[in-house]
Amino acid sequence: MQTYYAVCLFLSVIGLLIFKWRWSRDTDINITFLFLFIPITEIGYLMRSISSNLEEALLANKIIYLGGCFLAMFITFSIMNLFQLKIPKIIGFLMTASSILMYTVVMMIGINGWFYKSVTYHVIDGDVVLRKEYGPFHTVFYIMIAIYTLIGLGLLGYSMTKRKGVVSYRTTLLLILTEIVSVISFFFGHSNDKGIELLPAAFVIFQMIFLIIMERTGMYNISITEAFAMIDKAENGFIALDIHRCFLGANLTARKFFLTLANQEVDKWFNIDKPPLSLVDGWLDEFDRIAKNRKSGTRMEEIEHVVEHHDRFYKFIINYIRDEKRVKGYQIVIVDETEERKYTNLLEKYNSDLEEEVEKKTEHIQEIQDKMVLGLAEMVEGRDFSTGGHIKRTSQGIKILMEEMLKDPECDVDRHYVKLMEKAAPMHDLGKIAVDDKILRKEGRFEPWEYEIMKTHAEKGAEMVRKVLTGVEDPEFEILAENVAHYHHERVDGSGYPHHLKGDEIPFEARIMAIADVYDALVSKRCYKDKYSFEKAFEIIEEGMGTQFDESLNKYFLAARPKLEAYYSSLDDDED
């Protein structure tokens with residue numbers, strides 16, 4: 001039977017290599033152990049079949065029992081993960097500890113009689129046969145395997161009846177087949193006098209079944225696919241379909257948006273008959289048609305459609321799920337744009353009213369515009385988790401700094417200029433509204449390419465300020481606000497962005513904004529750093545005078561230090 005065991009080992013290694021090539025990167029650790037332990041167990045069977053004495057046969061048998069003690073547990077844990085079932089930590093600990101304890105007893109074979117009371121080595125017709133008298137722990141071992149099998153079948157039965165939208169019937173039936181093969185092979189496939197065992201072949205069947213399952217579940221594992229599709233899981237919905245437009249899965253946000261998804265079964269045709277989901281099929285046709293008509297070598301990235309549903313506006317973003325170069329399905333990201341639409345409609349209404357009543361309601365319109373600008377700035381800040389309260393703090397910082405400038409008769413600023421600066425300060429980061437959420441809301445430091453995209457907010461902010469204010473604001477304020485948004489990241493040594501301006505080439509208001517902006521960033525907590533002490537922040541800014549900041553502003557910055565520290569200390573007190 002050595003040829004039989006050698007073939008089983010060869011096939012199990014092939015299964016392991018296929019798993020490594022196709023799925024190992026993002027797979028549940030229990031499935032990884034499953035594919036790893038099977039070839040090890042097959043090695044044990046082959047070693048036993050070619051052993052020349054009892055000691056070699058017992059060593060091989062101990063290797064075989066790696067599979068017996070652990071594979072049933074790995075299968076059970078894999079089923080739980082696949083069906084997104086959480087197991088209490090204490091239960092998982094006890095299951096793992098039981099398997100480890102049982103294998104420890106197995107390792108004592110030949111030393112005590114706990115597992116085998118006695119064992120003898122025989123060669124019958126060229127095949128190695130071990131005849132054993134079982135000890136008490138061998139019965140415990142059978143009970144443990146039976147418990148794992150019952151747990152697995154119970155989970156599959158529960159998932160088939162209660163969790164239809166998580167994994168398909170096809171996958172569930174394949175897992176039930178795995179459990180049945182396991183029971184038959186283990187309890188009814190032990191060796192006879194000719195040394196034939198069914199378990200080595202059963203282990204190869206396990207691998208084939210799990211490879212088939214993973215070929216399917218690899219696409220609709222939402223926790224993996226969604227990570228590449230969007231960052232903000234809490235706000236954006238996600239639906240996945242295969243290339244045949246069968247439903248693969250949806251996250252909780254999508255199900256909250258559209259309750260009809262609750263009745264859609266995995267692996268069944270996506271057949272929602274109520275709008276807006278009833279429109280998806282037509283959008284996919286459009287997407288495929290455009291993708292096919294593109295020039296060879298180019299890739300259709302996505303299409304967008306905005307629909308109104310129950311007084312809310314949803315943007316559907318459709319693109320492909322790809323596996324290397326192959327198209328495997330479709331991913332549909334759903335963004336609730338209701339609030340953005342409200343802001344847009346409000347802005348359009350405001351501009352219309354301004355044109356009609358600019359002469360008789362100048363003061364009232366000015367108040368509306370101020371609130372609008374602040375609202376836009378707060379909306380931008382609301383999208384960026386790392387800078388909460390930044391616009392209010394920097395506006396106050398500008399005020400404190402410029403109050404010291406007003407005290408200097410040689411400084412060419414007046415109260416009107418200070419008021420314009422306070423009003424313009426909230427608009428300095430307005431361009432971030434055009435930065436993708438994936439980058440804007442990233443926790444931690446940016447990759448170089450992400451930082452380059454983030455830096456575009458300066459020019460985009462200037463363009464937005466110009467569009468919002470042109471023709472409806474004082475020309476002096478238009479220029480000042482645009483300069484603040486455009487150039488507040490320039491440095492006097494020319495190493496800033498977006499245009500590498502130097503010294504006096506940088507507008508005066510942008511040089512003032514730069515100090516307030518950086519100071520707030522230093523003394524405030526961000527997702528990628530803790531806040532610095534006041535002393536450390538002042539040291540950093542003073543060291544930057546003449547390189548990053550305008551050195552002529554240093555004396556006002558130093559004079560404003562007590563008031564700045566008092567203001568930021570009061571914010572800490574309020575939080576406490």
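See above for the structure.
All values derive from a computational prediction rather than experimental measurement.

Novice: How would you sum up the overall build of the chain? Please name residues and give values.
Specialist: For the chain, the count of helices and strands is 21 helices and seven strands. Here the chain holds 576 residues, and the buried ones make up 49% of them. Across the chain, every contact between residues at least 6 apart in sequence was considered, and the portion connecting residues at least 24 apart equals 61%. Accessible surface, the chain as shown: approximately 29400 Å² in total, 58% of it carbon and sulfur.

Novice: Help me get a handle on the environment of L66, residues and values and all.
Specialist: By the secondary structure assignment, L66 is in helix 3 (residues 54-82). Sequence separation between L66 and I38 is 28 residues; the distance between their C-alpha atoms is 8.8 Å. Residues contacting L66, with those up to four places away along its chain left out, are F37, I40, T41, L71 and Y103.

Novice: Residue-level account of a nonpolar patch on the surface, with values.
Specialist: On the surface, V7, F10, L11, V13, I14, L17 and I18 cluster together into a nonpolar patch covering about 580 Å² of accessible area. Inspection of the secondary structure puts I14 in helix 1 (residues 2-22).

Novice: How would you summarise unusual backbone geometry if you had to cite specific residues and measurements?
Specialist: Leave glycine aside and you will find that most residues have negative phi; peptide bonds, for their part, are mostly trans. The omega torsion of the bond from P275 to P276 falls at 0 degrees, within 30 degrees of zero and hence cis. When you line up the elements, P276 lands in the loop between helix 9 (252-257) and helix 10 (280-293). The omega torsion across Y497 and P498 is 15 degrees, close enough to zero to call that bond cis. Tracing the chain through its elements places P498 in the loop between helix 18 (475-487) and helix 19 (508-523).

Novice: Would you mind going over the packing of aromatic side chains in detail, with residue names and values included?
Specialist: Under the criterion given, the structure shown has 32 aromatic pairs. A ring pair is formed by F247 and F270, whose centres lie 6.2 Å apart and whose planes are at 25 degrees; its orientation type is stacked. With a gap of 23 residues between them, F247 in strand 4 (residues 247-250) and F270 in the loop between helix 9 and helix 10 connect regions that are remote in the sequence. For the residue pair F247 and F270, the accessibility class agrees, reading buried in each case. An aromatic cluster of at least three residues, connected via ring pairs, comprises Y65, F115, Y116, Y134, F141 and Y142. Note that R341 overlies the ring of F313, its terminal NZ or CZ placed 5.1 Å from the centroid. The residue whose ring lies beneath K423 is F477, and the NZ or CZ to ring-centre distance is 4.6 Å.

Novice: So what's going on with the side chain of D550? Residues and values would help.
Specialist: Counting through the fold element by element, D550 comes out in the loop between helix 20 (534-544) and helix 21 (554-575). Residue classification places D550 among the buried residues on the basis of a relative accessible area of 12%. For D550, the side chain forms a polar contact with the side chain of R511, separated by 2.7 Å. With near-sequence residues (within four places) excluded, D550 lies in contact with V492, R511 and M545.

Novice: Just give me the short version of the environment of T41, but keep the residues and values in it.
Specialist: Tracing the chain through its elements places T41 in helix 2 (residues 29-49). Measuring from C-alpha to C-alpha, the distance between T41 and F203 comes to 8.9 Å, with 162 residues separating the pair along the chain.

Novice: How would you sum up helix 3? Please name residues and give values.
Specialist: Given 3.6 residues per turn, any residue in an α-helix points the same way as the ones three and four places further on. The first and last C-alpha atoms of helix 3 sit 42 Å apart over 29 residues, in line with the 42 Å expected at 1.5 Å per residue. At F70, helix 3 shows its largest kink, close to 40 degrees. Burial analysis of helix 3 places 24 of its 29 residues in the buried class, the great majority of the element. Between the side-chain oxygen of the N-cap and the backbone nitrogen of E55 there are 3.1 Å, and the N-cap of helix 3 in question is N53.

Novice: Talk me through the pattern of salt bridges; I want residue IDs and the actual numbers.
Specialist: One pass over the structure, following the stated rule, counts 22 salt bridges. Residues K432 and D429 are paired through a salt bridge, measuring 3.6 Å at the closest nitrogen-oxygen approach. Assessed through its relative accessible area of 12%, K432 is described here as buried. In this structure, R466 and E482 form a salt bridge, with 2.5 Å as the shortest nitrogen-oxygen distance. Placement of the pair is R466 in helix 17 (residues 457-469) and E482 in helix 18, with a sequence separation of 16 residues. The exposure class assigned to R466 is partly exposed, which follows from its relative accessible area of 38%.

Novice: Account for the pairing of strand 2 (residues 127-134), with residues named and values stated.
Specialist: Of the strand pairs in this sheet, strand 1 (residues 116-124) and strand 2 are connected by eight bridges, and their pairing is antiparallel. Its bridge partner being in strand 2, Y121 is matched across the sheet by L130.

Novice: Can you tell me about the packing of helix 13 (residues 390-406) against helix 14 (residues 415-424), naming the residues and giving the values?
Specialist: Helix 14 packs onto helix 13 with a crossing angle of 165 degrees between their chain directions and a minimal axis gap of 9 Å. Comparing their axes, helix 14 and helix 13 come out roughly antiparallel. Pair helix 13 / helix 14 crosses with right-handed handedness. For the pair helix 13 and helix 14, contact is made by S395, I398, K399, M402 and L406 and by R415, Y417, V418, M421 and E422, respectively. Within the contact of helix 13 with helix 14, the residues separate by chemical class into six nonpolar, one polar and three charged.

Novice: Would you mind going over a negative patch on the surface in detail, with residue names and values included?
Specialist: Side chains of D412, D414, D474 and E476 sit close together on the surface and give a patch of like negative charge. Inspection of the secondary structure assignment puts E476 in helix 18. Using a relative accessible area of 39% as the deciding quantity, one classes E476 as partly exposed.

Novice: Break down the nonpolar core for me, with residues and values.
Specialist: Across soluble globular proteins, you tend to see nonpolar side chains buried next to one another. By size, the foremost hydrophobic cluster in this structure holds 57 residues, and its most contacted members are F70, F115, F141 and L175. Those elements that provide at least two residues to this core are helix 1, helix 2, helix 3, helix 4 (89-107), strand 1, helix 5 (136-162), helix 6 (169-188) and helix 7 (199-220). The greatest single-element share of this core, amounting to 16 residues, is contributed by helix 3. In this structure, F70 is in contact with F37, S99, I100 and Y103, ignoring residues within four places of it in sequence. Within the second largest apolar cluster, 43 residues are counted, among which are F549, F557, A560 and L564.

Definitions and limits used
Residues numbered from 1 in each chain as written. Predicted model: local features only at pLDDT ≥ 70, side-chain atom pairs only at ≥ 80, totals over all residues. Heavy atoms only, no water. Helix = DSSP H or I, 4+ residues; strand = E, 2+ residues; numbered from the N terminus. Buried < 20%, exposed > 50% of the residue type's maximum accessible area, 1.4 Å probe, protein only. Contact = heavy atoms within 4.5 Å. Areas by Shrake-Rupley, 256 points an atom, 1.4 Å probe, with all protein chains shown as cover. Patch = residues over 30% accessible without salt bridge, like charges linked within 9 Å, V, L, I, M, F, W, Y side chains within 5 Å. Salt bridge = Lys/Arg side-chain N within 4 Å of Asp/Glu carboxyl O. Phe/Tyr/Trp six-rings, centres within 6.5 Å; stacked < 30°, edge-to-face > 60°. Lys NZ or Arg CZ within 6 Å of the ring centre and 35° of its normal. Polar contact = N/O pair within 3.5 Å; in protein donor to acceptor, adjacent residues only side chain to side chain. Expected span 1.5 Å × (residues − 1). Bend = angle between axes of the 7 residues up to and from the residue. Pairing = 2+ DSSP bridges. Axes fitted to C-alpha atoms, helices over the stretch in contact; angles between N-to-C directions. Parallel < 35°, antiparallel > 145°, perpendicular 65-115°, else oblique. Left-handed = near helix turned anticlockwise from the far one by under 90°. Nonpolar A, V, L, I, M, F, W, Y, C, P; charged D, E, K, R; others polar. Lys, Arg positive; Asp, Glu negative; His and termini not counted. Charge placed at Lys NZ, Arg CZ, Asp CG, Glu CD. Core = buried A, V, L, I, M, F, W, Y, C linked by side-chain atoms within 4.5 Å.

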